[in-house]
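Listed below, chain by chain, are the residues.
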Amino acid sequence: QVQLVESGGGLVQPEGSLRLSCAASGSFFSVYNMGWYRQSPGKQRELVAAIDTGGNINYADSLKGRFTISRDNHKNTVYLQMNSLKPEDTAGYYCNAIIRMVAGGIARTYWGQGTQVTVSS
């Protein structure tokens, strides 16, 4: 089976930085698109950034220039570098990946458990 394990969240002051990591582990055939979503109380889960195997990236417009997504295909890991953090960035951050479990099988969306990012002075 497959797991997505996130790390790197925590408490940070405004204007600070954090780097989130998410690694896919277990038994699977291939990992395709990977991305980050976030959700704060009272709001819907929203896309932060996503990246496909070819390096094509989709950012939320409001986050362009502050957040950077990247991936290491050999490690099946996606990263999110977050700079100039603001209190409104406070949210649970969730890793997402499209994964084919076996050759010839269908690709499905998987989610990590989330990691909390809190921006406060």
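Structure report, in brief.

Rules of the game
Residues numbered from 1 in each chain as written. Predicted model: local features only at pLDDT ≥ 70, side-chain atom pairs only at ≥ 80, totals over all residues. Heavy atoms only, no water. Helix = DSSP H or I, 4+ residues; strand = E, 2+ residues; numbered from the N terminus. Buried < 20%, exposed > 50% of the residue type's maximum accessible area, 1.4 Å probe, protein only. Contact = heavy atoms within 4.5 Å. Areas by Shrake-Rupley, 256 points an atom, 1.4 Å probe, with all protein chains shown as cover. Lys, Arg positive; Asp, Glu negative; His and termini not counted. Charge placed at Lys NZ, Arg CZ, Asp CG, Glu CD. Core = buried A, V, L, I, M, F, W, Y, C linked by side-chain atoms within 4.5 Å. Pairing = 2+ DSSP bridges. Axes fitted to C-alpha atoms, helices over the stretch in contact; angles between N-to-C directions. Disulfide = S-S within 2.5 Å. Phe/Tyr/Trp six-rings, centres within 6.5 Å; stacked < 30°, edge-to-face > 60°. Lys NZ or Arg CZ within 6 Å of the ring centre and 35° of its normal.

**Overview of the overall build of the protein chain**
Line of reasoning, step 1. A count of helical and extended segments in the protein chain gives zero helices and eleven strands.
Line of reasoning, step 2. When the elements of the protein chain are put in sequence order from the N terminus, they spell out β-β-β-β-β-β-β-β-β-β-β.
Line of reasoning, step 3. Overall size of the protein chain, expressed as C-alpha extent along the three principal axes, is 50 × 25 × 25 Å.
Line of reasoning, step 4. For the protein chain, with 121 residues in total, the buried portion stands at 40%.
Line of reasoning, step 5. Summarising the internal contacts of the protein chain: among those between residues at least 6 apart in sequence, 56% fall at separations of at least 24.
Line of reasoning, step 6. Counting every atom, the protein chain has about 6600 Å² of accessible surface; 46% of that belongs to carbon and sulfur.
Line of reasoning, step 7. Both charge centroids of the protein chain, one from 11 positive and one from 8 negative side chains, sit 6 Å from each other.

**Structural notes on the nonpolar core**
Line of reasoning, step 1. Formed by 31 residues in total, the largest nonpolar core has its most connected members in Trp36, Leu80, Met82 and Tyr93.
Line of reasoning, step 2. Among the elements that line this core, the one with the most residues is strand S9 (residues 91-100), at five residues.
Line of reasoning, step 3. Among all residues touching methionine 82, those that are not within four sequence positions of it are Gly16, Ser17, Leu18, Leu20, Arg66, Phe67, Tyr93 and Val117.

**Here's the deal with the sheet that holds strand S8 (residues 77-82)**
Line of reasoning, step 1. Strand order in this open sheet of four strands is S1-S3-S8-S7, and the pairing throughout is antiparallel. Strands at the two margins of the open sheet, each flanked by one partner only, are strand S1 (2-7) and strand S7 (67-72). Ignoring which end each strand starts from, the neighbouring axes of this sheet average 15° apart.
Line of reasoning, step 2. Bridge count for S1 against strand S3 (residues 18-26) is six bridges, and the pairing is antiparallel. Bridge pairing in S3 links glutamate 6 to cysteine 22.

**Comments concerning the state of the cysteines**
Line of reasoning, step 1. Under the criterion given, the structure shown has one disulfide.
Line of reasoning, step 2. Two residues share a disulfide in this structure: cysteine 22 and cysteine 95, whose sulfurs sit 2.0 Å from each other. As the torsion about the S-S bond is roughly -85°, the cysteine 22-cysteine 95 disulfide counts as left-handed. Of the two residues, cysteine 22 sits in strand S3 while cysteine 95 sits in strand S9, which places them 73 residues apart along the sequence.

**Here's the deal with the packing of aromatic side chains**
Line of reasoning, step 1. Evaluated as defined, the whole model comprises one aromatic pair.
Line of reasoning, step 2. Ring geometry for tyrosine 37 against tryptophan 111: centres 5.1 Å apart, planes inclined by 65°, an arrangement best described as edge-to-face. You can see tyrosine 37 sitting in strand S4 (residues 30-39) and its partner tryptophan 111 sitting in strand S10 (residues 107-111), a full 74 residues away along the chain.
Line of reasoning, step 3. Over the ring of tyrosine 94 we find arginine 45; its NZ or CZ atom is 3.8 Å from the centre of that ring.
Line of reasoning, step 4. The residue whose ring lies beneath arginine 45 is tryptophan 111, and the NZ or CZ to ring-centre distance is 4.8 Å.

**Some thoughts on the environment of lysine 43**
Line of reasoning, step 1. Within the secondary structure, lysine 43 sits in the loop between S4 and strand S5 (46-51).
Line of reasoning, step 2. Put simply, lysine 43 and alanine 91 are 48 residues apart on the chain and 9.8 Å apart in space, counted from C-alpha to C-alpha.

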